[in-house]
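# Survey of secondary and tertiary structure
Listed below are the residues making up each chain.
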Amino acid sequence: MFLIHSELPWWQSAVIYQIYPWSFQDSNGDGIGDLPGITSRLDYLKGTPDSLGIDAIWLSPIYPSPMHDFGYDVMDYCDIDPRFGTLADFDRLTSEAHRRGIRIVMDLVLNHTSDQHPWFLESRSSRTSAKRDWYYWADGKSAHRPPNNWAARFGGSAWTQDRQTGQYYLHSFLREQPDLNWTNPAVRDALFGVVRFWLERGVDGFRLDAINWLGKDTNWPNNPRRLAWRSYYRQVHRYDRDQPQAHEALRALRAFVKDRPETVFVGEASSDTPGGPAAFYGTGSDELHEVFDFRLLRSPWQPDAFRRLILESDRAVPLGGWPPVVFSNHDQSRHIDRYGKGGDPVRRARAAALLLFTLRGTPFVYYGEELGLRDGTLGRSDLRDPYTIRYWPWKKGRDPARTPMPWDAELQAGFTTGKPWLPLSRDWRETNVAHEQWDAGSMLSLYKRLIRLKKESNALTAGTYQPVDAGPKECVLYQRIFQAGSRTEAMLIAVNFSSQVQTVSIPTTVPMHGRVGTVTLSTDAKRETERWNAERFQMGPDEGIVVRLE
Ligand code: NOJ
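Read on for a plain summary of the structure. Because the structure is a prediction, the values reported are computed rather than measured. (Residues numbered from 1 in each chain as written. Predicted model: local features only at pLDDT ≥ 70, side-chain atom pairs only at ≥ 80, totals over all residues. Heavy atoms only, no water.)

### What about the nonpolar core?
Rule in force here: Each nonpolar core is a collection of buried residues, namely Ala, Val, Leu, Ile, Met, Phe, Trp, Tyr and Cys, held together in the definition by side-chain atoms within 4.5 Å. The cut-offs for exposure are 20% and 50% of the maximum accessible area for each residue type, with area from a 1.4 Å probe on protein chains only; residues under the lower value are buried, those over the upper are exposed, and the others partly exposed. For the purposes of this entry, the term helix denotes a DSSP run of H or I that reaches at least four residues, the term strand denotes a run of E that reaches at least two, and both are numbered from the N terminus. Domain limits in this description derive from either an automatic procedure or a database domain assignment. Whether two residues touch is decided by their heavy atoms; if any such pair falls within 4.5 Å, the residues are in contact.
Judged by nonpolar contacts, the single largest core of 143 residues is most densely connected at Tyr17, Leu45 and Ile57. By residue number, the principal contributor to this core is helix α10 (residues 345-358), which donates 8 residues. Residues lining this core come from more than one domain, with at least three contributed by each of domain 1 (5-113 + 184-452) and domain 2 (463-549). Once you skip the residues sitting within four places of it in the chain, isoleucine 57 turns out to touch Tyr17, Ile19, Ile38, Leu42, Leu45, Ile102, Arg103, Ile104 and Val105.

Right under this line is the structure:
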């Protein structure tokens, strides 16, 4: 084996684990997860032979916040919300994580603050306040008509009239989340100061929230209308998003950290941003390192769609950029439920796991998905997220994917000694870490095996992605190929999207790195070490395999 991992920037060979701090581990019995809780569970993630083996954690926001949007409404960028602990707890978490080789990626919300942030309180205090132009203020069209028709992502108008001055302020999400004015250099400097603050505290990177929202057309033109079901999509977001300022801001940010080239920026952009999310790589080396592409996440479990979307998103990434691979996060129903519709959710989630760790890119694991944790079944009175409440019961919303991490079958699944802030998911007695830890057939064991396999393989970590065009259409096939000098490592991956046995045969006209090999991993009962031949091989229902080609 010729190892080149060390030559890659750390984030290209990393597996990143998203922790939703509310739900990972409570240490003080208040029913809400916290930083000491996360620190106490680090061995689960890395550092012992039985750990999952991830390389970095992305912490959803832990800043002081009134929690209208569960931390995405920041009140102070340089402190920790008391629900989660203190800066000292954060420092302890960082040093304990680093000791185990786990990096820390902070969530950073650049587009908006909380309406309780001192900047906004000052800004709204008078038309002549020194911070008035830190946010967007405009006069209404008439007494009670907002400046234009812009719609907020979470429903309703994007403008709210403020009693104190009679003007309207802009908020692209909730009214409690006023948008920052990115044309103001003072705003930029303040937020770059925040980046510096956390880098000096030892963080290794940032997940940047809603980056295509930075900057607006401040002539305030109406967005063009179009037909759609949901109000937000009844207009083309031509003037309230996707402005050139977003790219300028990201270029400036990247330049700002050039003395720390190890820092990673992973950005979240809307799928329908012009040019696709990949536009935020810039040239490949001047904007973001990684940009989420949610098209696969939104896709049904359908082989043609996956074949097309995998190729499109892989090819969209310019040289120098690197794709993240993500199927679940805190904003969506968990993929075991989404992809599982109309089929066997567990078997499909196992096949999806194989894709997650064998596609080209950095796998992002959303806490609990490695256990096969399902969406919570919540009643109206359980809900906490305003967006979920607004659209319930028409839309499942976000709370079902945010239920506590089940650690064992003891009281409250080992998450808290108190009453959990959201109910435990229904199957926590079987779907929990203690239950799955020593079961070779569990989802957790599969995730561990896949992570190990990826780490040992240059092809799976750094190789190119090459689709393999062969039938039947129910199976998605591709190769990952890594070449260094005269040496090559090649893997064939095959995933059966159907619940029937499929016989595959790859025509000799299809360029393959090798036509024989050995199965190194299967999502099914043990097939490892089985000989494999491209001429003809069988795939079990929903099965995924990785073959080392010779
Ligand atoms: C995207 C975040 O992932 C989501 O949770 C949040 O509500 C919005 N951005 C607004 O910050």
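### Considerations on the pattern of salt bridges
Going by this rule: What makes a salt bridge here is a side-chain nitrogen of Lys or Arg within 4 Å of a carboxyl oxygen of Asp or Glu, nothing more.
Scanning all chains against the criterion turns up 43 salt bridges. Residue glutamate 268 pairs with arginine 207 through a salt bridge whose shortest N-O separation is 3.4 Å. Residue glutamate 268 is found in the loop between β8 (264-267) and β9 (290-291), and its partner arginine 207 is found in strand β7 (residues 205-209); the two are separated by 61 residues along the sequence. When its relative accessible area of 2% is taken as the criterion, arginine 207 is described as buried. Here aspartate 304 ties to arginine 307 by a salt bridge, and the two come within 2.9 Å at their closest N and O atoms. Taken together, the residues aspartate 304 and arginine 307, both in helix α8 (residues 303-316) and 3 residues apart, mark about one turn of the helix. Since its relative accessible area comes to 39%, aspartate 304 is described here as partly exposed. Connected through shared salt-bridge partners, Asp69, Asp331, Asp385, Arg398 and Arg402 make up one network.

### Points about the sheet that holds strand β4 (residues 137-138)
Just so we agree on the cut-off: Two strands pair under a simple rule: DSSP has to find at least two bridges between them.
What the 3 strands build is an open sheet, ordered β4-β6-β5; its pairing is antiparallel. In this open sheet, the two strands that pair with only one neighbour each are β4 and β5 (159-161). Where β5 meets strand β6 (residues 168-170), 3 bridges bridge the pair, whose relative direction is antiparallel. When the sheet's bridge partners are listed, glutamine 161 is paired in β6 with tyrosine 168.

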